[in-house]
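Residue strings, one per chain:
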Amino acid sequence: MKVLLVGDASNFHWTLAQGLRQLGHEVTVVSNGSGWMRTGSDVLIRRKSYGAADSMMYLAKIVSLLPTWRNYDVVQIAGHNCFALRPEKNLAIFRQLRRQNKRVFMQALATDHYYVKACFDGKTYRYSDFFVGDKPLNIPNYNTLRETYLYGANRDANIAMAQECDGIAACLWEYYVAYEQEYASKLTYIPTPINIDENPIRNIPDTIEKLRFFIGIQHDRSVLKGTDVMYDVLKQLKQDYKNECEVTAVESLPYDEYNRAMYESDVLIDQLYSYTPATNALLAMAKGIVAVSGAEPEYYDFIGEHQLQPIVNVLPDPAKIYSTLEELILHRERIPQQCRDSRAFAERHHDYRKVAQQYIDFWSK
């Protein structure tokens, strides 16, 4: 099968491409390398700035390459904003890709109209990036984000692509339920692919004297991810248990550098408002590192996993986060087995070859 993957986020499409190639398929990835993460891409298209000259050069490059992206069996776009362009321009590119290729699919893998709509409906989620219960979170540009995704060009482009594409693949439970009501007939859930070969399990010690916590902070998304809250809790834990734990915090490291730094830890602190482990948590788990992330009952029930549940779930309450992490410190003897279970979970559910085959099956229906 000849496949074109357009856009990327957190190395998702590049890892999927690696799995597809392992299965013998021909794949081209067109992306900006996941922005500052600088992940892999076959055709790298980066926007230098939003100034007039750079904007014209960026658009001109895409327009010049667009005629070459034809005669693929499958095109999959990473969300409705796969290029750093206005939504109506992305929609025009999407429609051209549909005209010159066999089938076009959309990947639900980031904040978009349907996810934000579900966040605001008051019933889909118990908590989200925008609310805990019915209480709004104090996030920067709250009203701007709401208006951007619920109304106007972003909404219109997202709806048009969802209606016109041949299928929608959601990589998280949260995104799946956001699309389910309107698009059940063309929607599927496929897990996030993780290259477990490039993320071998670390040498897990039998005894852990001092528990090593690791947290990665994306400066412009810290409040949305909840890392601001969890980092405050970690700093308090470090004061209270200075001989039993240590904390390493890094900010906006490139993907490869971040991935290497993670190995020197026992526990990764990931997202607060998620129900499902995403790329960051899964990369850690593949390495044999315990992930503190989303792992709600809705997620385990959704994937049918009722035995292997190594992810440490946290709720958006600082006191509860503190007690959950304190338990890890006080019961360090449990950590080695939890680390091995984490690797087993990544192999069972997220092996990039298994995930690639799920995509082939979905695209071939």
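Computed from a predicted model, the values in this text were never measured in an experiment. (Residues numbered from 1 in each chain as written. Predicted model: local features only at pLDDT ≥ 70, side-chain atom pairs only at ≥ 80, totals over all residues. Heavy atoms only, no water.)

### Description of the overall build of the protein
Per the secondary structure count, the protein includes 15 helices and 14 strands. Its C-alpha atoms give the protein principal-axis dimensions of roughly 60 × 45 × 40 Å. For the protein, with 365 residues in total, the buried portion stands at 54%. Long-range pairs, those at least 24 residues apart, make up 68% of the contacts in the protein between residues at least 6 apart in sequence. Entry remark: accessible area of the protein is about 15,900 Å², with carbon and sulfur atoms responsible for 48%. Side-chain charges in the protein split into 41 positive and 45 negative, and the spacing between the mean points of these groups amounts to 6 Å. (Helix = DSSP H or I, 4+ residues; strand = E, 2+ residues; numbered from the N terminus. Buried < 20%, exposed > 50% of the residue type's maximum accessible area, 1.4 Å probe, protein only. Contact = heavy atoms within 4.5 Å. Areas by Shrake-Rupley, 256 points an atom, 1.4 Å probe, with all protein chains shown as cover. Lys, Arg positive; Asp, Glu negative; His and termini not counted. Charge placed at Lys NZ, Arg CZ, Asp CG, Glu CD.)

### Focus on helix H11 (residues 279-286)
Counting buried residues along H11, 8 of its 8 residues qualify, which places the element largely inside the surrounding structure. Thr279, Asn280, Ala281, Leu282, Leu283, Ala284, Met285 and Ala286 are the residues of H11 that are buried. Looking at the buried side of H11, the elements it contacts are helix H10 (255-262), strand E12 (267-269), strand E13 (290-293) and helix H14 (335-350). Gly288 lies just past H11 and shows a positive phi near 85°.

### Here we look at the nonpolar core
In terms of nonpolar packing, the biggest core is built from 128 residues, with Phe83, Tyr179, Phe213, Leu325 and Trp363 touching the most fellow members. Apart from the residues lying within four places of it in its own chain, the contact partners of Tyr179 are Met106, Ala108, Asp112, Tyr114, Asn158, Ala162, Ile168, Ala184 and Leu187. (Core = buried A, V, L, I, M, F, W, Y, C linked by side-chain atoms within 4.5 Å.)

### What about the pattern of salt bridges?
All told, the structure shown has 17 salt bridges when counted by the stated rule. A salt bridge links Glu305 to Arg348; the shortest N-O distance between them is 2.8 Å. Of this pair, Glu305 sits in the loop between helix H12 (297-303) and strand E14 (312-313) while Arg348 sits in helix H14, placing them 43 residues apart in sequence. We classify Glu305 as buried; its relative accessible area is 4%. Given a relative accessible area of 44%, Arg348 falls into the partly exposed group. With a shortest N-O distance of 3.4 Å, Asp351 and Arg353 are connected by a salt bridge. Residues participating in the shared-partner salt-bridge network are Arg126, Glu296 and Glu298. (Salt bridge = Lys/Arg side-chain N within 4 Å of Asp/Glu carboxyl O.)

That's the geometry; what it means functionally is another story.
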